[in-house]
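Breakdown of the fold
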Amino acid sequence: MDALTKIHVRPMIEQDLDVVAAIEQASYATPWSREHFRDEISASYSWPLVAVDEGSVVGYLCLMCLFEEAQVLNVAVSPTLRGRGIARLLLERAVVLAREKGAKRLLLEVRASNSAAISLYERIGFGRTGIRSRYYDHTEDAVLMEKPLKEIP
Ligand SMILES: CC(C)(COP(=O)(O)OP(=O)(O)OC[C@H]1O[C@@H](n2cnc3c(N)ncnc32)[C@H](O)[C@@H]1OP(=O)(O)O)[C@@H](O)C(=O)NCCC(=O)NCCS
């Protein structure tokens with residue numbers, strides 16, 4: 001069986017927070033806190049997701065939907081399990097969810113140096129729409145990306 005077919009995506013719950021926070025710590029120089037993720041679980045405009053492999057959380061994605069715009073706020077995969085299509089699975093679910101919530105476009109911003117993430121987003125159909133100059137730590141540019149969410153006939 002294809003390894004990816006046994007991974008499923010579901011809403012993030014409180015019990016996931018220890019593992020989510022550990023993946024976040026391993027993924028970013030300035031990680032979100034556990035409380036930040038807890039706020040994402042409880043916020044009415046927020047739809048955090050986890051990818052689960054045999055009962056273990058292996059990645060997550062935080063999606064915000066406000067009226068016609070949705071935004072991917074965070075996505076990360078356990079370092080040892082990258083390159084297996086897990087982030088793609090999470091993003092594909094986020095696209096479906098954003099459409100269901102009525103969003104017309106899905107937005108995100110990413111560090112200009114993060115070529116793995118930029119390739120991932122381009123693979124899913126995001127295009128570059130602009131640059132926020134020296135956005136990160138007053139040093140690194142943010143690349144703004146958008147995927148239009150066309151109506152499915
Ligand atoms: C970016 C990240 C989420 C990708 O997760 P992943 O599960 O390894 O990604 P996938 O296996 O689903 O890859 C899907 C596509 O992304 C691209 N991609 C992923 N990792 C890549 C890499 N290291 N180099 C180049 N392209 C890459 C490829 O286009 C890939 O498609 P392909 O396998 O058909 O070529 C992961 O590297 C991560 O957690 N990084 C740290 C956190 C981070 O930077 N998040 C993004 C912040 S905006």
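A word on a nonpolar patch on the surface
A contiguous nonpolar patch, built from Tyr45, Leu66 and Phe67 and spanning about 360 Å² of accessible area, is present on the exposed surface. The exposed category is assigned to Phe67, whose relative accessible area is 75%.

Focus: the site of the ligand
With respect to spatial proximity, 20 residues lie near the ligand, and among them Gly83, Gly85, Arg88, Asn114 and Arg123 are the closest. Note that a nitrogen atom of the ligand is positioned 3.0 Å from one of the side-chain N or O atoms of Tyr28. The set of elements that each furnish at least two residues to the shell around the ligand consists of strand E4 (69–77), helix H3 (86–100) and helix H4 (115–124). Sorting elements by how many residues they give to the shell around the ligand places H4 first, with six residues.

Section: the sheet that holds strand E3 (residues 56–66)
Across the sheet, which stays open at both edges, the seven strands sit in the order E1-E2-E3-E4-E5-E7-E6 with mixed pairing between neighbours. With one partner strand each, in any of the chains shown, strand E1 (7–11) and strand E6 (127–136) form the two edges of the open sheet. Neighbour to neighbour, the strand axes of the sheet diverge by 25° on average, direction disregarded. Two strands pair when backbone bridges link them, and strand E2 (residues 49–53) and E3 are joined in this way by five bridges, in the antiparallel orientation. Bridge pairing in E3 links Ala51 to Gly59. Contacts from H3 reach E1, E2, E3, E4, strand E5 (105–111) and strand E7 (140–148), with the element oriented near 30° to E3.

A word on the layout of surface pockets
Size it by volume and the largest pocket reaches roughly 1000 Å³. Along the wall of the largest pocket there are 32 residues; nearest its centre are Tyr28, Val75, Asn114, Ala117 and Tyr121. If you list the elements that add at least two residues to the lining of the largest pocket, you get helix H1 (17–27), E4, H3, E5 and H4. By residue number, the principal contributor to the lining of the largest pocket is E4, which donates seven residues. Residues of the lining of the largest pocket, tallied by class, amount to 18 nonpolar, seven polar and seven charged.

A word on H1
Of the residues making up H1, those classed as buried are Leu17, Val20, Ala21, Ile23 and Glu24. Buried residues of H1, seen end-on, are gathered within an arc of 160° and therefore sit on one face of the element. Across H1 from its buried face, at more than 90 degrees, point the exposed residues Asp18, Gln25 and Ala26. Those residues of H1 hidden inside the fold are in contact with helix H2 (34–42), E2, E3 and E4.

Thresholds, definitions, all that
- Per chain, residue numbering runs from 1 following the sequence as it is written.
- The predicted nature of this model means local features are confined to residues of pLDDT at least 70 and side-chain atom pairs, given and counted, to a pLDDT of 80 or more, with totals for whole chains, interfaces and linings taken over all residues.
- To obtain the side-chain values, all non-hydrogen atoms of the structure were used and water was disregarded.
- Candidate patch residues must exceed 30% relative accessible area and have no salt bridge, after which like charges are joined if within 9 Å and Val, Leu, Ile, Met, Phe, Trp or Tyr side chains if within 5 Å.
- To be clear on the numbers: accessible area is Shrake-Rupley with a 1.4 Å probe, and residue cover counts the displayed protein chains and nothing else.
- We define a salt bridge as a side-chain nitrogen of Lys or Arg found within 4 Å of a carboxyl oxygen belonging to Asp or Glu.
- Accessible area is worked out with a 1.4 Å probe on protein chains only. A residue is then buried under 20% of its type maximum, exposed over 50%, and partly exposed in between.
- Proximity is defined per residue: if any heavy atom of the residue lies within 4 Å of a molecule or strand, that residue is considered near it.
- Here a polar contact is recorded for every N or O atom pair within 3.5 Å, except that within protein the pair must consist of a potential hydrogen donor and a potential acceptor, and residues adjacent in sequence are included only if both atoms are side-chain atoms.
- Numbering of helices and strands runs from the N terminus; a helix is a DSSP stretch of H or I covering at least four residues, while a strand is a stretch of E covering at least two.
- Here the rule is simple: two strands pair whenever DSSP picks up at least two bridges between them.
- Here an angle of 0 to 180 degrees is reported between the N-to-C directions of two axes, which are lines fitted to C-alpha atoms, with helices fitted over the stretch in contact.
- The contact criterion used throughout is that any non-hydrogen atoms of two residues lie within 4.5 Å.
- Here a cavity denotes grid points, spaced 1 Å and computed from the protein atoms alone, that fit a 1.4 Å probe unable to get out, and a pocket denotes an open set having protein on both sides within 12 Å along at least 5 of 7 lines; residues with an atom within 4 Å of a point are the lining.
- Grid points are joined across faces, edges and corners, and a volume is the space filled by probe spheres set on the points.
- Think of it as three bins: nonpolar holds Ala, Val, Leu, Ile, Met, Phe, Trp, Tyr, Cys and Pro, charged holds Asp, Glu, Lys and Arg, and polar takes everything else, Gly as well.
- The arc in question is traced by the directions running from the helix axis to the C-beta atoms.

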